[in-house]
Amino acid sequence: MSEPAAGADFAAPAESAAIRVLEAPENAEAERQEILRGLSARPKRLPCRLFYDERGSRLFERICDLPEYYPTRTEHGLLAERAGEIAALANAGHLVELGSGSATKTRLLVDAFRRLGPPLAYTAIDVSESSLHIAAAALLARYPALDVHGVAATYETGLDALATRATPDERRLVLFLGSTIGNLDPAETSAFLGRVRASLAPGDGFLVGTDLEKDPAVIEAAYNDAQGVTAAFNLNILRHVNRRFRADFALDAFAHVAFYRRELRQIEMHLESQAAQRVTLAALGLEIELAAGERIETEISRKFDLDRFGAELARHGFEVARQWTDAKRWFGLTLARAI
Ligand SMILES: C[S@@+](CC[C@H](N)C(=O)[O-])C[C@H]1O[C@@H](n2cnc3c(N)ncnc32)[C@H](O)[C@@H]1O
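Residues numbered from 1 in each chain as written. Predicted model: local features only at pLDDT ≥ 70, side-chain atom pairs only at ≥ 80, totals over all residues. Heavy atoms only, no water.

Take the pattern of salt bridges next. Within the structure shown, the criterion is met by 27 salt bridges. Between Asp211 and Lys303 there is a salt bridge; the shortest N-O distance is 2.7 Å. One end of the pair, Asp211, is in strand β7 (residues 205-211); the other, Lys303, is in the loop between β12 (295-302) and α10 (306-314), and 92 residues separate them in sequence. The same class applies to Asp211 and to Lys303, which are both buried. If you follow the salt bridges from partner to partner, you end up with Glu31, Glu34, Arg49 and Arg244 in one network. (Salt bridge = Lys/Arg side-chain N within 4 Å of Asp/Glu carboxyl O. Helix = DSSP H or I, 4+ residues; strand = E, 2+ residues; numbered from the N terminus. Buried < 20%, exposed > 50% of the residue type's maximum accessible area, 1.4 Å probe, protein only.)

Written out as structure tokens, the structure is:
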């Protein structure tokens, strides 16, 4: 199968949005340690944020449009239906989006908040700088007066950078869409929710999109599309690692594998070594051996139950304001409030 193209070139960067790139030296060292640990572990692992270089971000946008990939359209439908209700309940003047990607669905919320009247600010936090430029350009083209900012950083660094508020009474709504929360394991989820809560003041909102438990065949099809876009996205992590860490992963020596694990309620993506091989990551001073058939885990995507998710939020200092789901109960939106 020939590799699918990554998609159209990104638009020119927006001139009038302030995009800050935050690269703390301690983060670079923490990342090196994380990769060293992950590739020395059994099974071997790479952090899924490394999917998202410019090419990976473009491939993800193509995944969102695939017929098999139901989460984006289902969440889009829910937001189209509920954005007005969400805006009225959250009553915020500053939307802060984590892992914003192209922020396409976000426009539904911006429209709804703008209908309420007061001025609105929007800040996107994403490790993919190219995505921030795309999102900012599209938002500014649509809403020239919107106060748009981008922070190229991990969720944690980005949230820390936003600790100071424009005005003491600014009310925020943090958005975390696309079921991206499912990429965190239970311990990471708990640490992440604690971090989000610590960045909020009582009364601030947190809107989270979660993919819900369903027939595993539907989920597996979404991560094994017929056009091979998800496979190309998965393999792209190796291309990114090769560039970032002067590594020599041969992409054609690995195959995309994705399967649902019922006991963990998660789909997993792996890259399976097609032969015994040795790989060097020169920038990390690391050499690894892979046996034929050995896998590197690249992503988990947990599937949720809305009641259990609400209870988890409550354990981290939130109260659930409202939850919504679609007619098939495939995807959920939870609006929570910091207490
Ligand atoms: C699954 S995509 C979701 C994009 C968009 N929110 C949507 O709903 O379509 C995850 C996004 O989060 C970003 N991302 C992944 N891990 C991240 C991290 N640790 N910190 C900040 N951004 C991250 C990626 O660059 C990507 O844009």
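The next thing to look at is the side chain of Ser179. Looking at the element boundaries, Ser179 is found in the loop between β6 (172-176) and α7 (186-198). Judged by relative accessible area, Ser179 falls into the buried class, the value being 5%. Excluding its chain neighbours within four sequence positions, the residues that come into contact with Ser179 are Gly209, Thr210, Asp211, Arg302, Phe304 and Phe331. (Contact = heavy atoms within 4.5 Å.)

The next thing to look at is the sheet that holds β7. Reading across the sheet, the eight strands line up as β1-β5-β4-β3-β6-β7-β14-β13 and stay open at both edges, with mixed pairing between neighbours. Each having just a single partner strand, β1 (18-21) and β13 (318-325) make up the two edges of the open sheet. When the angles between neighbouring strand axes are averaged without regard to direction, this sheet yields 20°. Lying over the sheet, α10 contacts β7, β13 and β14 (331-338), oriented at roughly 160° with respect to β13. (Pairing = 2+ DSSP bridges. Axes fitted to C-alpha atoms, helices over the stretch in contact; angles between N-to-C directions.)

Counting 39 residues, the largest nonpolar core has Leu39, Leu238, Phe249, Phe254 and Leu281 as its most contacted members. Looking at this core, the elements with two or more residues in it are α1 (25-40), α2 (54-64), α8 (216-222), α9 (229-245), β8 (254-261), β9 (266-273), β10 (277-281) and β11 (286-290). When residues in this core are grouped by element, the largest group, eight residues, is from α9. Aside from chain neighbours lying at most four places away, what touches Leu281 is Ile35, Leu39, Val241, Phe245, Arg246, Ala247, Phe249, Leu286 and Ile288. Residues Ala83, Leu95, Leu177 and Trp324 belong to the second largest nonpolar core, which totals 33 residues. (Core = buried A, V, L, I, M, F, W, Y, C linked by side-chain atoms within 4.5 Å.)

Residue placement: Thr180 occurs in the loop between β6 and α7. From its side chain, Thr180 meets the backbone oxygen of Leu177 in a polar contact 2.8 Å long. (Polar contact = N/O pair within 3.5 Å; in protein donor to acceptor, adjacent residues only side chain to side chain.)

With that settled, the discussion passes to the packing of helix α4 (residues 106-116) against helix α5 (residues 129-142). Across the interface, α4 lies against α5 with an axial gap of 12 Å and an inter-helix angle of 35°. Judged by the twist between their axes, the crossing of α4 over α5 is right-handed. Contacts between α4 and α5 involve Arg107, Val110 and Asp111 from the former and Ala138, Leu139 and Arg142 from the latter. Within the contact of α4 with α5, the residues separate by chemical class into three nonpolar, no polar and three charged. (Left-handed = near helix turned anticlockwise from the far one by under 90°. Nonpolar A, V, L, I, M, F, W, Y, C, P; charged D, E, K, R; others polar.)

Here we take up the packing of α2 against α9. The geometry of α2 relative to α9 is characterised by a closest axis approach of 9 Å and an angle of 165° between their N-to-C directions. Compared by their axis directions, α2 and α9 come out roughly antiparallel. Remark: the crossing between α2 and α9 carries left-handed chirality. Taken together, the residues of α9 that come into contact with α2 (itself represented by Arg55, Gly56, Leu59, Phe60, Arg62 and Ile63) are Val229, Thr230, Ala232, Phe233, Asn236 and Arg239. (Parallel < 35°, antiparallel > 145°, perpendicular 65-115°, else oblique.)

Moving on to the packing of aromatic side chains. Here the structure, examined in full by the defined rule, presents 14 aromatic pairs. Ring geometry for Phe60 against Tyr69: centres 6.5 Å apart, planes inclined by 80°, an arrangement best described as edge-to-face. Ring centres 5.1 Å apart and planes at 65° place the aromatic pair Tyr70 and Trp330 in the edge-to-face group. With Tyr70 in helix α3 (residues 70-90) and Trp330 in the loop between β13 and β14, this residue pair connects regions lying 260 residues apart in the sequence. Given the relative accessible area of 2%, Tyr70 is considered buried. Through successive ring pairs, a cluster of aromatic residues spans Phe51, Tyr52, Phe60, Tyr69, Tyr223 and Phe233. We note Lys328 situated over the ring of Trp330; from NZ or CZ to the ring centre the distance is 4.1 Å. (Phe/Tyr/Trp six-rings, centres within 6.5 Å; stacked < 30°, edge-to-face > 60°. Lys NZ or Arg CZ within 6 Å of the ring centre and 35° of its normal.)

All right, on to unusual backbone geometry then. The step from Arg42 to Pro43 runs through a cis peptide bond, and the omega angle for that step is -5°. Relative to the assigned elements, Pro43 resides in the loop between α1 and β2 (44-45). With phi around 45°, Asn91 is a residue other than glycine that occupies positive phi space. If you trace the backbone, Asn91 turns up in the loop between α3 and β3 (94-98). Since its relative accessible area comes to 48%, Asn91 is described here as partly exposed. Of note in the backbone geometry, Ala103 takes a positive phi value of approximately 55° without being a glycine. On the secondary structure map, Ala103 appears in the loop between β3 and α4.

Right, let's get into the sheet that holds β12. An order of β2-β12-β9-β8 is seen for the four strands of this open sheet, with the pairing classed as mixed. Each edge of the open sheet is held by one strand with a lone partner, namely β2 and β8.

Right, let's get into the pairing of β12. Consecutive side chains of a regular strand alternate in pointing toward one face of the sheet and then the other. The buried count for β12 comes to seven of eight residues, which makes it a mostly enclosed element. Strand direction decides the pairing type here: β2 and β12, joined by two bridges, are parallel. The residue bridging Arg45 from the neighbouring strand is Glu297, located in β12. Looking at chain direction, β9 and β12 are connected through seven bridges and run antiparallel. Within β12, the residue paired with Leu271 across the bridge is Ile296.

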